[in-house]
Amino acid sequence: MKISGAEHLVRSLTELGVEYIFTVPGASIDPILDVLVDSGPEVIVCRHEQNAAFMAQAWGKITGRPGVCLVTAGPGATNAVTGIAAAQAERCPVILISGQISQRIKFKHAHQNIPAVDLYKPITKWSIEVDYLEVLPDILSNAFQVAMTPHPGAIHIAIPSNILQEHCSFKSISYESAPILGTAPDTVLSKAISLIESAHFPGMFIGNRVTTHRISESIRDFLRKHEMPVMATFEAAGAISRDLINLFMGRLGVFKNQPGDKILDKADVLLTVGYDPIEYDPVIWNKIPERTIINIDTVPAILDQAFHPTMEMIGDIALNLDALNKKLGTIVNSSEFPEVRKAFDMLVERYQAGKEYHDIPLHPLRLIHEVREYLHDDITVICDVGSHQYWWARHFLCFEPKYFLTSMGLQTMGIALPWAIATALARPNKKVFSISGDGSFLMSSMELETAVRLNLPIIHMVWEDNSYNLVKIQQEKKYHRKAFCEFGPMDMIKYAQSLGAKAFKMEKPEDIKTVLDQAFSAKGPVIISVPINYRDNAKIIETLNDYS
Ligand SMILES: Cc1ncc(C[n+]2csc(CCOP(=O)(O)OP(=O)(O)O)c2C)c(N)n1
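Residues numbered from 1 in each chain as written. Predicted model: local features only at pLDDT ≥ 70, side-chain atom pairs only at ≥ 80, totals over all residues. Heavy atoms only, no water.

S.K.: Looking at this structure, how should I read the sheet that holds strand β5 (residues 94-100)?
M.R.: Strands belonging to one sheet form pairs held by backbone hydrogen bonds; the direction of such a pair is parallel or antiparallel. Strand order in this open sheet of six strands is β3-β2-β4-β5-β7-β6, and the pairing throughout is parallel. Pairing within the sheet leaves two strands with one partner each, and these edge strands are β3 (42-45) and β6 (126-129). Pairwise comparison of adjacent strand axes, ignoring direction, gives a mean angle of 20° for this sheet. As paired strands, β6 and strand β7 (residues 154-160) are joined by four bridges and run parallel to one another. Each bridged residue has a counterpart across the sheet, and for Trp126 the counterpart in β7 is Ile155. (Pairing = 2+ DSSP bridges. Helix = DSSP H or I, 4+ residues; strand = E, 2+ residues; numbered from the N terminus. Axes fitted to C-alpha atoms, helices over the stretch in contact; angles between N-to-C directions.)

S.K.: Teacher, can you tell me more about the site of the ligand here?
M.R.: Taken together, 19 residues are adjacent to the ligand, and Ser387, His388, Gly439, Ser440 and Tyr534 come closest. Separating a nitrogen atom of the ligand from a backbone N or O atom of Gln411 is a distance of 2.9 Å. Here Asp438 contributes a side-chain N or O atom positioned 3.1 Å from an oxygen atom of the ligand. In isolation the ligand offers 580 Å² of accessible surface; the protein chains occlude 78% of this area. Mapped by element, the contributors of at least two residues to the shell around the ligand are α16 (387-395), α18 (438-444) and α20 (469-479). With four residues, the top contributor of residues to the shell around the ligand is α18. Split into classes, the residues belonging to the shell around the ligand amount to seven nonpolar, ten polar and two charged. (Near = heavy atom within 4 Å. Polar contact = N/O pair within 3.5 Å; in protein donor to acceptor, adjacent residues only side chain to side chain. Areas by Shrake-Rupley, 256 points an atom, 1.4 Å probe, with all protein chains shown as cover. Nonpolar A, V, L, I, M, F, W, Y, C, P; charged D, E, K, R; others polar.)

S.K.: Before we go on, may I ask you to explain α16 in this structure?
M.R.: It helps to recall that an α-helix has 3.6 residues per turn; residues three or four apart then point in one direction. The element α16 is extensively covered by neighbouring structure, given that nine of its nine residues are classed as buried. Burial in α16 covers these residues: Ser387, His388, Gln389, Tyr390, Trp391, Trp392, Ala393, Arg394 and His395. (Buried < 20%, exposed > 50% of the residue type's maximum accessible area, 1.4 Å probe, protein only.)

S.K.: So what exactly am I meant to see when it comes to unusual backbone geometry here?
M.R.: Phi is mostly negative for residues that are not glycine, and the peptide bonds are mostly trans. The omega torsion across Pro150 and His151 is -20°, close enough to zero to call that bond cis. Mapped onto the secondary structure, His151 falls in the loop between α7 (136-148) and β7. Cis peptide bonds are those with omega within 30 degrees of zero, and the linkage from Ile360 to Pro361 qualifies with -5°. Unlike most non-glycine residues, Arg91 shows phi in positive territory, near 55°. Looking at the secondary structure, you find Arg91 in the loop between α5 (81-89) and β5.

S.K.: Hey, could you run me through the confidence of the model for the chain in this one?
M.R.: When pLDDT is low, close inspection of the predicted coordinates is not appropriate. For the chain, per-residue confidence averages 96 on the pLDDT scale, and 99% of positions sit at 70 or higher. Scoring the predicted complex yields pTM 0.97 and, for the interface, ipTM 0.99. (pLDDT = per-residue confidence, 0-100.)

S.K.: Help me out: how do you make sense of the sheet that holds strand β14 (residues 311-314) in this one?
M.R.: With parallel pairing, six strands are arranged side by side in an open sheet as β11-β10-β9-β12-β13-β14. The strands lining the two open edges of the sheet, one partner per strand, are β11 (248-252) and β14. Strand-to-strand twist of the sheet, defined as the mean angle between neighbouring strand axes without regard to direction, takes the value 20°. Here strand β10 (residues 230-233) pairs with β11 via three bridges, running parallel. Following the sheet pairing, Val230 is matched in β11 by Phe248.

Structure (structure tokens):
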């Protein structure tokens, strides 16, 4: 039986296991939407294509299967750019399907005609237009394969309107999973073992590619047997479990000023595991590029003057760690060195100090401390981009992979609420806790209506200071004055309520527990509006020597 191009697409996506399509409608994709009324993945109607793409990104990040975003030709395709660039930068499998004008009029300066394939080429792994309906299922299966093959990333498929209307018989190709990788050869393993066994100060630096349960478990097993200090990037949150907290030197990124940065400088043999330089440029953190670096990853590192590993173990990260774990003999236990204990004590002290801040407006560390004590480990915490991100990413302890999410690749504002929505869908019946600054929130806050419509259990906290603070503090450091970083106040409570959400104000330490109780017992999305005390924000960007 012959079916239309739109039906082909929906059937292929269904057979590929797609559960949700994040979309904003448009005439060029309405044949697809019409088919989706009767069958196929559940459609999530979004309020901006950028957010639809962010949702698809978070779906890909959490599930490991591509998130699918469907946008209309022209403005729909241009609006999705930031979300797709973020997915590509942060190695999340995503498939963007865009409508396209009919092939017959592509040569013309026609309505909503943009070179979408060219637009997406530099920011995706693969950007292609479907020229023949017969190959649409083939293109989709390949798109799944390319999106999921290391390094995962974004795919763009443009489908001209005439192809959606054509008919032919349907034949799909299934695609189950990314290729299974193996361990490095024995010679490589032996070399790594001899380097680690002769280390005077072994250390480990983990990056965003370690946040699967399997890899995290291998890291944990390795560290239980071979103790050494471990530093993490922001997106590597959760890989280290509670029982190994003693070895954990905190999360690092962009500004080299954390206790863990000092330990990173000390290691003479450094194991970099699933590390992606996009999160923390080695030019900043690696002032001693000639030291021994053993890079354990799925594909070889991009080399530069500051990061050219002595050797690499390429393949399945977990299997390579397991192989090392098994064969490694006695090594120096650098986790007991005084400088390591000092760095650890500083982190503990900083965390414990949280409860001593009695400021009104509330101090970031007080909030983070109380929220950590309040939340169960199975609640995903998602943080937007700005000064608030550095407070949370550095200080919020998380012990499960992919339960603290933030954007450190593209580091784009506005991700928190869309990611929270996708997370609530990916982890049904679990509350999601997300945080934005007032600048980031307003970049995607229209999706609060989406969250309300879907009745999702999201508690979203907004830190309000009426400024783009992270930019402001850097200007003040560089130029001794601020430039164009302030904006006006708004009534966050009324705004949230106007979109149908519940909203609470949190102003003083005594409010914290009460408001969290109210927010967590409410049904559907909740906004917590927090006037924030940013008196200590200059410390976020101080240099390493500014503290002892
Ligand atoms: C889409 C986007 N635009 C601009 C920036 C540059 N930028 C980084 S942080 C920031 C300020 C964020 O403000 P807010 O969300 O209020 O957080 P705060 O820094 O005040 O905690 C800006 C403008 C960015 N990262 N992403």
